[in-house]
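Observations on chain architecture
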Amino acid sequence: MLSGDIPPNQTIYIKNLNEKIKKDELKRSLYCLFSQYGRILDIIALKTPKLRGQAWVCFSEVTAASNAVRQMQNFPFYEKPMRIQYAKTKSDCIAKEEGSFVPREKKKKQEEKAEKKKYADESKQSAVPNGGTHGASNGGSTQASFRPGSGAQEAAAPNNILFIENLPYETTGRMLEMLFEQYPGFKEVRLIEAKPGIAFVDFEDDGQSSMAMQALQGFKITPQNPMIINFAKK
DNA sequence: AGCACA
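This structure is a prediction, so every number in the text was calculated from the model and none was measured.

What counts and how
- Residues numbered from 1 in each chain as written.
- Chains lettered and ligands numbered in written order.
- Predicted model: local features only at pLDDT ≥ 70, side-chain atom pairs only at ≥ 80, totals over all residues.
- Heavy atoms only, no water.
- Near = heavy atom within 4 Å.
- Polar contact = N/O pair within 3.5 Å; in protein donor to acceptor, adjacent residues only side chain to side chain.
- Helix = DSSP H or I, 4+ residues; strand = E, 2+ residues; numbered from the N terminus.
- Buried < 20%, exposed > 50% of the residue type's maximum accessible area, 1.4 Å probe, protein only.
- Pairing = 2+ DSSP bridges.
- Contact = heavy atoms within 4.5 Å.
- Axes fitted to C-alpha atoms, helices over the stretch in contact; angles between N-to-C directions.
- Parallel < 35°, antiparallel > 145°, perpendicular 65-115°, else oblique.
- Left-handed = near helix turned anticlockwise from the far one by under 90°.
- Nonpolar A, V, L, I, M, F, W, Y, C, P; charged D, E, K, R; others polar.
- Core = buried A, V, L, I, M, F, W, Y, C linked by side-chain atoms within 4.5 Å.
- Phe/Tyr/Trp six-rings, centres within 6.5 Å; stacked < 30°, edge-to-face > 60°.

**Here's the deal with the protein's contact with DNA strand B**
- Among the 22 residues in the neighbourhood of DNA strand B, the closest are listed as Arg52, Gln85, Lys90, Ser91 and Asp92.
- For DNA strand B, the fraction of atoms within 4 Å of the protein that belong to sugar or phosphate moieties is 25%.
- The separation between a base oxygen of DNA strand B and a polar main-chain atom of asparagine 16 is 3.0 Å.
- At 3.1 Å from a base nitrogen of DNA strand B is found a side-chain nitrogen or oxygen belonging to glutamine 54.
- Of all elements in the fold, only β1 (11-15) and β6 (83-86) reach the threshold of two or more residues within the surface near DNA strand B.

Here it is, written out as structure tokens:
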């Protein structure tokens, strides 16, 4: 009943989203937030009257979706608690992956006025930041590919302030907040206007900052941008 | 509240 009697599905359905957020930013932020649970194959969000305030996030595994449903239930996202359920039907991207995809016909209640023209082939833009619906993931663990210690600079001394590098240009303070505020002791994110790509994140103490650092080290906001997190220099 | 795949 917590999930509304809908059977598990690889795709989660999210409602009560803040409708003021632009579609693109919304997708990117959802990607940020949910890729910690597994590989995301697609994110669907539409701003039509019927569908605004809702989104579908398709995972490659049902277990990822299950964890997301439970753990992110009521998560405050852009000031509004997310309401998350399993999707009622199988997503096209999932059906395509398993080869069972049949282009939808005008079966049920598809009173489409949009049948005038065939949208024959669309170069389908992917929902996920920068490109491919495949291979862009943090793989269930947020400690992805970045290997500290391979090479250059030695670790700074523990500090309650974290120094984040290698962020994609479009990273917003809110995106980082949503990632870091999940960890106890979070205080604030500080982006450096003059220097895109880096940020400082303040925690109450260096124990708490360490936990967040370990959890999010290598986290990819886009596939090309594993976060590099170090303690800030004093 | 509202379950799609421009």
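**Overview of the pairing of β1**
- Along β1, 4 of the 5 residues are buried, which leaves the element largely enclosed by surrounding structure.
- By the bridge criterion, 4 bridges tie β1 to strand β3 (residues 55-59) in an arrangement that is antiparallel. Residue isoleucine 12 lies in a different strand from β3, and its bridge partner there is valine 57.
- Of the pairings in the sheet, the one linking β1 to β6 comprises 4 bridges and is antiparallel in character. Note that in β6 the partner of isoleucine 12 across the bridge is tyrosine 86.

**With respect to the side chain of threonine 11**
- Mapped onto the elements of the fold, threonine 11 is located in strand β1.
- In this structure, threonine 11 is in contact with Trp56, Val57, Cys58, Tyr86, Ala87, Ser91 and Ile94, ignoring residues within four places of it in sequence.

**What about the environment of lysine 20?**
- In this structure, lysine 20 sits in the loop between β1 and α1 (23-34).
- C-alpha of lysine 20 to C-alpha of tyrosine 78: the two residues are 58 residues apart in sequence and 9.3 Å apart in space.

**A closer look at the packing of α1 against helix α4 (residues 173-180)**
- Running from N to C, α1 and α4 point in directions that differ by 20 degrees, and their axes come no closer than 9 Å. Here α1 is positioned roughly parallel relative to α4, judged by the angle of their axes. Note on packing geometry: the crossing formed by α1 with α4 is right-handed. Where α1 abuts α4, its residues Ser29, Cys32 and Leu33 lie against Met175, Met178 and Leu179.
- Here the residues of the contact of α1 with α4 sort into 5 nonpolar, 1 polar and no charged.

**Observations concerning the nonpolar core**
- Counting 29 residues, the largest nonpolar core has Ile12, Ile14, Leu30, Phe34, Phe59, Phe77 and Met82 as the members making the most contacts within it.
- Counting only elements with at least two residues in this core, the list comes to β1, α1, β2 (40-44), β3, α2 (62-71) and β6.
- Among the elements that make up this core, the one with the highest residue count is α1 (5 residues).
- Within the second largest apolar cluster, 23 residues are counted, among which are Met175, Val189, Ala199 and Leu216.

**A look at the environment of cysteine 93**
- In this fold, cysteine 93 is placed in helix α3 (residues 92-97).
- According to the relative accessible area criterion, cysteine 93 is buried, its value standing at 15%.

**Considering the packing of aromatic side chains**
- In this structure the tally under the stated criterion is 7 aromatic pairs.
- Between phenylalanine 77 and tyrosine 78, the aromatic rings sit 4.8 Å apart at their centres with planes inclined by 70 degrees, giving edge-to-face as the arrangement. In terms of burial, phenylalanine 77 and tyrosine 78 fall into one category: buried.
- Judged by centre distance (5.9 Å) and plane angle (80 degrees), the rings of phenylalanine 186 and phenylalanine 203 are edge-to-face.

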